[in-house]
Amino acid sequence: MTGRVIVITSGKGGVGKTTTSANIGTALAKSGHKVVLIDTDLGLRNLDLLLGLENRIVYTIVDVIEERCKLKQALVKDKKNPNLQLLAAAQTRDKTAVNAEQLKEICDILKEENDFVLVDCPAGIEQGFQNAVAGASEAIVVTTPEMSAIRDADRIIGLLNTKEEITSVKLLLNRVRPNLIKSNEMMSVDDVVGILEIPLVGIIPEDTGIITSTNKGEPIVNDENALAGKAYRNVAERILGEEVPFLDLDEPRGLMAKIKSVISKLKVKV
Ligand code: ADP
Ligand code: MG
């Protein structure tokens, strides 16, 4: 088997790379695919927290590289889904503990036994980024609809385009708030796609459930009722090659607006 190695990257920090990695990884594993998530954010490990696996980590990627354990020993199985495994980042080591060649080697080994290897990239365009992309052949660029994040995403897309091994670069737009787009306080999906000019793989709404799910250590894709969960499940299906229409994020607000207008009419009558 040769699995697909996808790097989840952004340029700017805090736009949702780790959230995206945890959710897409979980969704792909739930649909029966073997997945390994690699946390390459040395010093800032948090993919383990999102998955609720922080207490199960014995070895990290640095232990593998410095040969204190075998690669297999460092893979932590997800509690709910044995198809999903995590290779954790070291919390304390400096960023020079890993180089691009070593990361590529790890990806090359893992893709032989897995359908997907998802690499959660640190922020920035320095060594951490170079390491994270080294073994990948596909990239998902995460951005929010803010100019600073879009600018950094644009820079990352430029860098990804220089890498011969990367054959696909797709956009995931996170923290979208349709009501703000309507009131012209937020850039629209079309605006962002127009600037970055890469194909869209997902639109994820702003959802406070994501923050709660992070605290609980359970990705929101496990919540059947959450809109962001549905949006991430759709991303996983698109990655698997299915044509899934983008969610109409307006729906909940449309419904609320309808209810409000009915209530206001009633009030008039009363
Ligand atoms: P990165 O890995 O790019 O630094 P994270 O995935 O850690 O970003 O997300 C940064 C913060 O934003 C986290 O607190 C996360 O819970 C929150 N967040 C991410 N996506 C959303 C969303 N769609 N709605 C609400 N909060 C979000
Ligand atoms: Mg992160």
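Just so you know, these numbers come straight off a predicted model, no measurement behind them.

So, about the sheet that holds strand β1 (residues 4–9). Each strand in a sheet pairs with another by means of backbone hydrogen bonds, the pair being arranged parallel or else antiparallel. Spatially, eight strands are ordered β3-β4-β2-β5-β1-β6-β7-β8 in an open sheet, and the strand pairing comes out mixed. Because the sheet does not close on itself, it has two edges, and the strands there are β3 (75–77) and β8 (200–205). Averaged over all pairs of adjacent strands, the angle between strand axes in this sheet comes to 20°, irrespective of strand direction. Here strand β7 (residues 168–176) pairs with β8 via four bridges, running parallel. Within β8, the residue paired with Leu 173 across the bridge is Ile 203. In the packing of helix α1 (residues 17–30) onto the sheet, the strands contacted are β1, β2 (35–39), β4 (84–87), β5 (116–120), β6 (138–143) and β7, and the crossing angle to β5 comes to about 165°. Across the sheet, helix α9 (residues 189–196) lies against β6, β7 and β8, angled at about 150° from β7, the strand it touches most.

With 15 residues, helix α7 (residues 147–161) extends 21 Å between its outermost C-alpha atoms, agreeing within 8% with the 21 Å of an ideal straight helix rising 1.5 Å per residue. Residues of α7 that are buried: Ala 149, Ile 150, Ala 153, Ile 156, Ile 157 and Leu 160. The arc that holds the buried residues of α7, viewed along the axis, is 120°, so those residues lie on one side. Among the structural elements, β1, α6 (127–133), β6, β7 and α9 are those in contact with the buried residues of α7.

Right, let's talk about the site of ligand 1 for a bit. Within the structure, ligand 1 sits among 16 residues, and Gly 14, Lys 17, Thr 18, Thr 19 and Asn 174 are positioned closest to it. Considered on its own, ligand 1 offers 570 Å² of accessible surface; in the complex 81% of this is hidden by protein. In a pocket analysis with a 2 Å cut-off to the grid points, ligand 1 is assigned to the largest pocket. Contributing elements (two or more residues each) for the shell around ligand 1: α1, β7, β8 and α10 (208–216). Here the residues of the shell around ligand 1 sort into five nonpolar, seven polar and four charged.

Examined against the element boundaries, Leu 37 turns out to sit in strand β2. Judged by its relative accessible area of 0%, Leu 37 is buried. Separated by 11 residues in the primary sequence, Leu 37 and Asp 48 place their C-alpha atoms 9.7 Å from one another.

So, how was this worked out
Sequence order sets the numbering: in each chain, residues are counted from 1 along the sequence as written. Chain letters start at A and ligand numbers start at 1, both assigned in the order the entries are written. Totals for whole chains, interfaces and linings use all residues, but because this is a predicted model, local features are given only for residues with pLDDT of at least 70 and pairs of side-chain atoms are given and counted only at 80 or more. Only hydrogens and water are removed before side-chain values are computed, so all heavy atoms of the structure are retained for them. When DSSP finds two or more bridges between two strands, those strands count as paired. Numbering goes from the N terminus for both helices and strands, where a helix is a DSSP run of H or I of at least four residues and a strand is a run of E of at least two. Axis geometry follows a simple rule: fit a line to the C-alpha atoms, using only the stretch in contact for helices, then measure angles between N-to-C directions, giving values from 0 to 180 degrees. The contact definition used throughout considers only heavy atoms, calling two residues in contact when any of these lie within 4.5 Å. Expected helix span is given by 1.5 Å per residue-to-residue step, counting one fewer step than there are residues. Burial classification: accessible surface area is computed with a 1.4 Å probe over protein chains only, and a residue below 20% of its type maximum counts as buried, one above 50% as exposed, and the rest as partly exposed. The arc in question is the one traced by the directions running from the helix axis out to the C-beta atoms. In these notes, residues near a molecule or strand are those with any non-hydrogen atom within 4 Å of it. Values of accessible area rely on a 1.4 Å probe in the Shrake-Rupley scheme; residue burial ignores everything except the protein chains shown. Note on definitions: the grid is 1 Å and covers protein atoms alone; a cavity is a set of points where a 1.4 Å probe fits but cannot get out; a pocket is an open set with protein on both sides within 12 Å along at least five of seven lines; lining residues have an atom within 4 Å of a point. What decides whether a molecule sits in a cavity or pocket is whether more than half of its atoms lie within 2 Å of the grid points. We call Asp, Glu, Lys and Arg charged. Ala, Val, Leu, Ile, Met, Phe, Trp, Tyr, Cys and Pro are nonpolar, and the rest, Gly among them, are polar.

Keep in mind that these numbers describe shape and distance, not what the molecule does.
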